[in-house]
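Coordinate inspection notes
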Amino acid sequence: MARNTTRPSLKPYGVHPIHDILTTAASKYPDKTAIIDGDSSYTFSGLENYSSQFSGALKALGVLKGDRIGILAPNCAEFVIAFYGITRSGAVASTINSGYREREIAHQVQDSGCQILVVHESLSEILDEAKKLIKNDVRSIVITTDKTKQGSFWQLLSQAEAYTATDIDPENDLVTLPYSSGTTGLTKGVMLSHFNLVSNVEQLMGLSGGASMAENDVILVHLPLFHIYGMNVLMNPCIAAGATQVMMRRFDMEEFLSIIENHRITKLFTVPPVGLGLSQYPGVASRDLSCLKFAMFGAAPLSSKLQVKISKVLNCPVIQGYGMTELSPVTNIDFTEPNLMKAGSIGPALADTEEKIVDTEDPTKELKPGEVGELAVRGPQVMKGYLNNPEATEETITSDGWFYTGDIGKMDEEGYVTIVGRIKDMIIRGGENIYPREIEEVLYQHADVSDAAVFGIPDNKYGEQVCLWIKAKENRHIDEDQIRDYLKSKLAYFKVPKYISVVKEYPMTVTGKLQKFKMREYMIETLKKQALQTEA
């Protein structure tokens with residue numbers, strides 16, 4: 001039987017556009033600082049006015065309800081303004097990973113049907129290269145340092161009249177199209193409605209023990225806003241609560257610690273690689289981090305041992321949460337209260353979220369507490385489906401609303417869930433989802449490559465590292481450094497394999513199926529031996 005025995009219901013959820021949370025905040029806290037971005041700061045009323053003007057600028061450009069507009073930018077105030085401006089216009093924001101290469105940008109832009117791209121000037125060059133691969137015309141609105149530059153983001157905004165669409169249907173109209181592989185195959189658009197985001201924000205705002213955002217919170221936003229984690233765990237809840245966001249574009253441990261110390265960050269939301277770094281970085285001890293009330297880790301599992309260690313280093317409670325792009329994103333989060341917290345667990349489900357563990361071979365069979373199987377979820381935060389891909393949607397969401405995560409876990413008698421693995425071969429490196437097939441397809445285009453097999457192996461710092469076994473064509477030579485350089489030119493840096501082995505054969509079944517688990521076991525053992533030899 002599906003369980004949710006811990007958190008009380010928060011129904012009914014607000015049925016309104018996501019940008020209404022900004023309008024409400026601007027009314028309640030007009031002169032309060034909403035965003036600190038380097039030397040610049042923005043009030044809630046400022047964000048409200050700027051986003052309304054940007055919406056008007058989009059309308060003047062002919063943008064209609066349902067049109068897709070991309071955002072390709074690092075964390076900055078303009079990202080937030082653009083996001084709410086797009087939603088106010090009735091259009092759909094498709095946020096693009098700023099670490100993507102030309103081919104990846106082109107795929108998302110073309111697949112989503114983006115007609116306009118809001119791009120930061122630091123990414124203009126790579127976008128220009130990506131446009132060469134895009135069949136349809138795409139207009140760029142560039143975020144420039146010079147706010148008077150003709151046709152730029154700020155210049156267009158400054159000349160526009162405020163506009164907010166009034167014909168939005170929150171439960172059915174899409175608000176954002178982030179991209180994810182989900183649990184089946186290649187990258188695809190995840191259709192999230194206004195109601196999906198609003199309900200998840202309200203679920204997070206309803207957490208007990210001071211875990212929710214509050215008006216007096218100051219939140220460090222180092223997680224990218226183009227990820228659903230940054231967008232709907234940080235940005236939107238901070239706006240809804242009237243909290244202050246401090247933007248950070250590129251991660252640097254010293255800068256990270258300085259921001260926490262100098263801005264008196266109250267709650268930390270981050271990922272396991274950062275936690276590992278904090279547990280090992282000698283400079284942490286000399287910092288005054290007493291402002292932190294708790295730290296929450298998501299995007300990848302955190303061992304209970306490391307969780308406890310980080311808690312001692314930061315001298316505050318450390319909890320874990322869980323979610324997916326398809327789930328807006330949060331379904332689980334542990335308690336901050338010491339008597340309710342369980343180290344190593346992602347906690348129980350959020351309010352009004354049902355969960356069950358099912359047999360991986362027979363999803364109709366629900367498992368007992370403690371048994372390991374696939375985690376299935378049902379709630380208001382479950383996506384509408386995959387863009388232009390009803391088959392993948394049907395494979396993932398049942399007719400009665402259950403979403404099958406593809407993650408392997410177990411649930412105890414109290415409804416606390418622990419994630420133990422994944423059904424698919426997806427690799428999670430430092431919170432980034434990496435899909436082996438995508439890397440393999442790029443390698444198949446190389447003139448000297450006969451075959452390629454990509455898989456993940458455990459890594460203390462990043463959770464997993466990408467490993468590649470590759471075969472050369474007959475009478476051809478493959479150089480590992482050459483292959484690495486080739487991939488660097490085609491893929492985001494985090495997808496480039498750390499370990500590359502040129503082999504002649506792969507372990508196969510009698511029916512010809514690749515046995516990646518054997519490759520993984522071999523590499524783990526080989527690296528262990530190498531480490532022992534180095535220590536000796």
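The structure displayed is predicted, hence computed values, not measured ones. Every chain begins its residue count from 1, and numbering advances along the sequence as written. Since the coordinates come from a predicted model, pLDDT governs what is reported: local features require at least 70, and pairs of side-chain atoms require 80 or more to be given and counted, while whole-chain, interface and lining totals use all residues. For side-chain calculations, the full set of non-hydrogen atoms in the structure is used, while hydrogens and water are omitted.

**What about the overall build of the protein?**
Heads up, the rule is: Starting at the N terminus, helices and strands are each numbered in turn, a helix being any DSSP run of H or I of at least four residues and a strand any DSSP run of E of at least two. All radius of gyration figures rest on C-alpha atoms, and the globule criterion is 2.2 Å times the number of residues raised to 0.38. When a residue's accessible area, from a 1.4 Å probe over protein chains only, is under 20% of the maximum for its type it is buried; when over 50% it is exposed; and in between it is partly exposed. The contact rule is simple, with two residues in contact once any of their heavy atoms fall within 4.5 Å. Here the open area of atoms and residues is found with the Shrake-Rupley method and a 1.4 Å probe, where only the protein chains shown may cover a residue.
Across its full length, the protein carries 15 helices and 25 strands. Against the 2.2 N^0.38 benchmark of 24 Å for 536 residues, the protein shows a C-alpha radius of gyration of 23 Å, consistent with a compact globule. For the protein, the C-alpha atoms occupy an extent of roughly 65 × 55 × 55 Å along the three principal directions. When burial is assessed residue by residue, the protein has 57% of its 536 residues classed as buried. Expressed as a percentage of contacts within the protein between residues at least 6 apart in sequence, the contacts between residues at least 24 apart total 69%. For the protein, the exposed area adds up to about 22700 Å²; of that, 48% sits on carbon and sulfur atoms.

**Quick word on the pattern of salt bridges**
Just so we agree on the cut-off: By definition, a salt bridge exists where a carboxyl oxygen of Asp or Glu is found within 4 Å of a side-chain nitrogen of Lys or Arg.
Scanning the model with the defined rule gives 19 salt bridges in all. We note a salt bridge from R287 to E254, for which the minimum N-O separation is 2.6 Å. Pair noted here: R287 is in the loop between helix 10 (272-280) and strand 13 (294-297) and E254 is in helix 9 (residues 253-263), with a separation of 33 residues, a long-range link. Classification of R287 as buried rests on a relative accessible area of 18%. On the basis of relative accessible area, E254 is assigned to the partly exposed category, the value being 34%. Salt-bridge contacts for R264 lead to D288; the nearest nitrogen and oxygen are separated by 3.5 Å. You can see R264 sitting in the loop between helix 9 and strand 12 (267-270) and its partner D288 sitting in the loop between helix 10 and strand 13, a full 24 residues away along the chain.

**Notes on helix 3 (residues 77-88)**
Quick note on the threshold: Working rule for helices: expected span equals 1.5 Å times residues minus one.
Between its terminal C-alpha atoms helix 3 stretches 17 Å, which fits the 16 Å expected from 12 residues at 1.5 Å a residue. Among the 12 residues that make up helix 3, 12 are buried, leaving the element largely enclosed by the rest of the structure. Residues A77, E78, F79, V80, I81, A82, F83, Y84, G85, I86, T87 and R88 constitute the buried set of helix 3. Downstream of helix 3 by a residue or two, G90 has a phi angle that is positive, lying close to 90°.

**Concerning the packing of helix 1 (residues 20-28) against helix 2 (residues 44-60)**
For the record, the criterion: The convention used is that axes are lines fitted to C-alpha atoms, helices contributing only their stretch in contact, and that angles between N-to-C directions extend from 0 to 180 degrees. Relative orientations are named as follows: roughly parallel for angles under 35 degrees, roughly antiparallel for angles over 145 degrees, roughly perpendicular for angles from 65 to 115 degrees, and oblique for any other angle. By definition, any crossing whose near helix is turned counterclockwise from its far helix by less than a right angle is left-handed, and any crossing with a clockwise turn is right-handed. For this classification, the nonpolar set comprises Ala, Val, Leu, Ile, Met, Phe, Trp, Tyr, Cys and Pro, the charged set comprises Asp, Glu, Lys and Arg, and every other residue, Gly included, is treated as polar.
Contact geometry of helix 1 with helix 2 gives a least axis separation of 8 Å together with a crossing angle of 140°. When the axes of helix 1 and helix 2 are compared, the pair comes out oblique. Crossing of helix 1 over helix 2 shows left-handed handedness. Judged by residue contacts, L22, T23, A25 and A26 of helix 1 engage F44, S45, L47, E48 and S51 from helix 2. Grouping the constituent residues of the contact of helix 1 with helix 2 by class yields 5 nonpolar, 3 polar and 1 charged.

**A word on the sheet that holds strand 17 (residues 373-378)**
This is how it is decided: Should DSSP find at least two bridges between two strands, the strands are regarded as paired.
Spatially, 16-17-19-20 is the arrangement adopted by the 4 strands of the open sheet, whose pairing is antiparallel. Only two strands of the sheet have a single partner each, and these edge strands are strand 16 (354-358) and strand 20 (417-422). For this sheet the average axis-to-axis angle between neighbouring strands, irrespective of direction, equals 45°.

**With respect to helix 10**
Side chains that are three or four residues apart share a direction in an α-helix, a result of its 3.6 residues per turn. Summarising burial for helix 10: 7 of the 9 residues are buried, a large majority. For helix 10, the complete set of buried residues consists of P272, P273, V274, G275, L276, L278 and S279. Buried residues belonging to helix 10 abut helix 9, strand 12, strand 13 and helix 11 (304-314).

**A closer look at the nonpolar core**
Using the following cut-off: In this description, a nonpolar core means a group of buried Ala, Val, Leu, Ile, Met, Phe, Trp, Tyr and Cys residues linked to one another through side-chain atoms lying within 4.5 Å.
F54, F153, F256 and F269 are the most contacted members of the largest nonpolar core, which has 114 residues in total. By residue number, the principal contributor to this core is helix 8 (residues 228-241), which donates 9 residues. With near-sequence residues (within four places) excluded, F54 lies in contact with I81, A82, G85, I86, V118, I141, F153 and L157. Ranked by size, the runner-up nonpolar core spans 20 residues in total, among them I434, L443, I470 and I500.

**Thoughts on the pairing of strand 23 (residues 449-459)**
With respect to burial, strand 23 is a largely interior element, 8 of its 11 residues being buried. Relative to strand 24 (residues 463-472), strand 23 runs antiparallel, the two being bridged by 10 bridges. Bridging across to strand 24, V454 finds its partner in L468. The antiparallel hairpin formed by strand 23 and strand 24 contains 3 residues in its connecting segment.

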